[in-house]
Amino acid sequence: MHFGQVVIGPPGSGKTTYCAGMSQFLETLGRDVAVINLDPANDVLPYRCDVNIADLITVSDVMTHLKLGPNGGLIYCMEYLEKNLDWLRVKLAPLKDKYLIFDFPGQVELYTHHNSVRNIVQQLLTVDDHRLVAVHLVDSHYCSDPGKFISVLLTSLATMLQVELPHLNLLSKADLIEKYGKLSFGVDFYTEVLDLSYLLERLEVDPVFAKYKRLNEALVGLVEDYSLVSFTAVSVHNKEMMLRVKNAADKANGYVFGKEEERSMESLMSCAVGAEFQYQKVQHIQEKYVDTDTAVAMEDQDT
């Protein structure tokens, strides 16, 4: 039985950086980790790669020989891997005692419309008895734009429904969350996906989005009706956030660590106690960004 994470998300969301950071973090805790690169367009790997799809197929070769563009080439590569899944099984066989981190390509269509990635992970689950959790990364700077954040919510929801795995949505690069503008609300508004009517109010004052009021309401209603999407903020440079993600991923795929790893974690985080420590961390971030008027309005609504 293998345990592991399937790391997915749009281009530029920090998947490869996350794989490198999480593998190093887990190794400091005493966990034996293997990273599997399944992105055929990724030719610069910042981590030790135990299995590389480049040994089977690459996007550049597909583009050269089949005259496809980069998007078509990625789809072809995933379909090729699906048809040659025995190659992956042979490569994974020597890693049976390791915790696996799969680095998948950064093409949204692969997780919202196309079936190859879903079929691959379902084969790993049902035939090969893997215990996997999907770790879906989106760039946290989208929180600064209400329209983009709604699109992120829709993409995350579609990915959750399509991939059919236990799911963990991450707002990556949390240390740069205000890189492209100030947040309208506290961080917990975006991580917990609270009352989205506040986003609609922001869109109504934007001349670009105001004329699509009914469409915006329908999209927000869709996200709220499913009530599935929430996020965890993460920065690979912050061990406290990485610990929170690790704990959530372990809970989702059922991984239970041994005594050595438990002692390592206690030594690393000796000043903290589980969930209480994580709450204090998020609260600290929230206090930095919270808008007082918004907080008061939301408290009034709750009462």
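Quantities reported herein were computed from a predicted structural model and do not represent experimental measurements.

How each quantity is defined
Residues numbered from 1 in each chain as written. Predicted model: local features only at pLDDT ≥ 70, side-chain atom pairs only at ≥ 80, totals over all residues. Heavy atoms only, no water. Helix = DSSP H or I, 4+ residues; strand = E, 2+ residues; numbered from the N terminus. Buried < 20%, exposed > 50% of the residue type's maximum accessible area, 1.4 Å probe, protein only. Contact = heavy atoms within 4.5 Å. Areas by Shrake-Rupley, 256 points an atom, 1.4 Å probe, with all protein chains shown as cover. Salt bridge = Lys/Arg side-chain N within 4 Å of Asp/Glu carboxyl O. Patch = residues over 30% accessible without salt bridge, like charges linked within 9 Å, V, L, I, M, F, W, Y side chains within 5 Å. Core = buried A, V, L, I, M, F, W, Y, C linked by side-chain atoms within 4.5 Å. Pairing = 2+ DSSP bridges. Axes fitted to C-alpha atoms, helices over the stretch in contact; angles between N-to-C directions. Parallel < 35°, antiparallel > 145°, perpendicular 65-115°, else oblique. Left-handed = near helix turned anticlockwise from the far one by under 90°. Nonpolar A, V, L, I, M, F, W, Y, C, P; charged D, E, K, R; others polar. Phe/Tyr/Trp six-rings, centres within 6.5 Å; stacked < 30°, edge-to-face > 60°. Lys NZ or Arg CZ within 6 Å of the ring centre and 35° of its normal.

Caption draft 1: Inspection of the overall build of the chain at higher detail. Secondary structure summary: the chain contains 15 helices and seven strands in total. By residue count, 49% of the 303 residues in the chain fall in the buried class. Taking the intrachain contacts of the chain between residues at least 6 apart in sequence as the baseline, contacts between residues at least 24 apart amount to 76%. When the accessible area of the chain is evaluated, it comes to approximately 14800 Å², of which 51% is carbon and sulfur surface.

Caption draft 2: Layout of the pattern of salt bridges. Within this structure, the stated rule accounts for eleven salt bridges. Between Arg48 and Glu27 there is a salt bridge, and its shortest N-O distance comes to 3.5 Å. Taken together, the positions of Arg48 in the loop between β2 (33-37) and β3 (49-52) and Glu27 in helix α1 (residues 15-28) put the pair 21 residues apart, joining distant regions of the chain. We classify Arg48 as partly exposed; its relative accessible area is 48%. The partly exposed category is assigned to Glu27, whose relative accessible area is 35%. The partner of Asp32 in a salt bridge is Lys98, and the shortest N-O contact between them spans 2.9 Å. On the criterion of sequence distance, the pair formed by Asp32 in the loop between α1 and β2 and Lys98 in the loop between α4 (85-92) and β4 (99-103) is long-range, its members being 66 residues apart. Note on Lys98: relative accessible area 22%, which makes it partly exposed. Connected via shared salt-bridge partners are Glu27, Arg48 and Asp50.

Caption draft 3: Examining a nonpolar patch on the surface more closely. Residues Leu66, Leu68, Tyr76 and Tyr80 make up a contiguous nonpolar surface patch of roughly 310 Å² in combined accessible area. Relative to the helices and strands, Leu66 is located in helix α2 (residues 59-66). You can call Leu66 partly exposed: its relative accessible area is 40%.

Caption draft 4: Just the nonpolar core, in detail. Counting 32 residues, the largest nonpolar core has Ile36, Leu88, Leu92, Phe102 and Phe104 as the members making the most contacts within it. Excluding residues within four positions of it along the chain, Ile36 makes contact with Val51, Leu88, Leu92, Leu100, Ile101, Phe102 and Asp103.

Caption draft 5: Focus on the sheet that holds β2. Across the sheet, which stays open at both edges, the seven strands sit in the order β3-β2-β4-β1-β5-β6-β7 with parallel pairing between neighbours. Edge positions in the sheet fall to β3 and β7 (232-233), since each has one partner strand and no second. Together, β1 (2-8), β4 and β5 (130-139) form the strand contacts of helix α6 (residues 116-126), whose direction differs from that of β5 by roughly 150°.

Caption draft 6: Region of the structure containing the packing of helix α3 (residues 70-83) against α6. Viewed as axis vectors pointing N to C, α3 and α6 meet at an angle of 25°, and their least axial separation amounts to 9 Å. One element, α3, and the other, α6, form an angle in the roughly parallel class. Seen from above, α3 lies across α6 with left-handed handedness. Together, Met78, Glu79, Leu81 and Glu82 of α3 and Ser116, Val117, Asn119 and Ile120 of α6 make up the contact between the two elements. A breakdown of the residues in the contact of α3 with α6 according to their chemical character gives four nonpolar, two polar and two charged.

Caption draft 7: Fine view of the packing of aromatic side chains. Under the counting rule described, the total for this entry stands at ten aromatic pairs. When the centroid spacing of 5.5 Å and the interplanar angle of 80° are considered together, the rings of Phe3 and Tyr255 count as edge-to-face. Here the residue Phe3 occupies a position in strand β1, and Tyr255 occupies one in the loop between α12 (239-253) and α13 (259-268), the gap between them amounting to 252 residues. Considering the side-chain rings of Phe189 and Tyr198, the 6.4 Å spacing of their centres and the 80° angle between planes classify their relative orientation as edge-to-face. Taking relative accessible area as the criterion, Phe189 reaches 1% and is therefore assigned buried. Given a relative accessible area of 11%, Tyr198 falls into the buried group. Here the aromatic residues Phe149, Phe185, Phe189, Tyr190, Tyr198 and Phe231 are joined through ring pairs into a cluster of three or more. Positioned above the aromatic ring of Tyr99, the side-chain terminus of Arg31 is 4.6 Å from the ring centre.

Nothing here speaks to function; it is geometry throughout.
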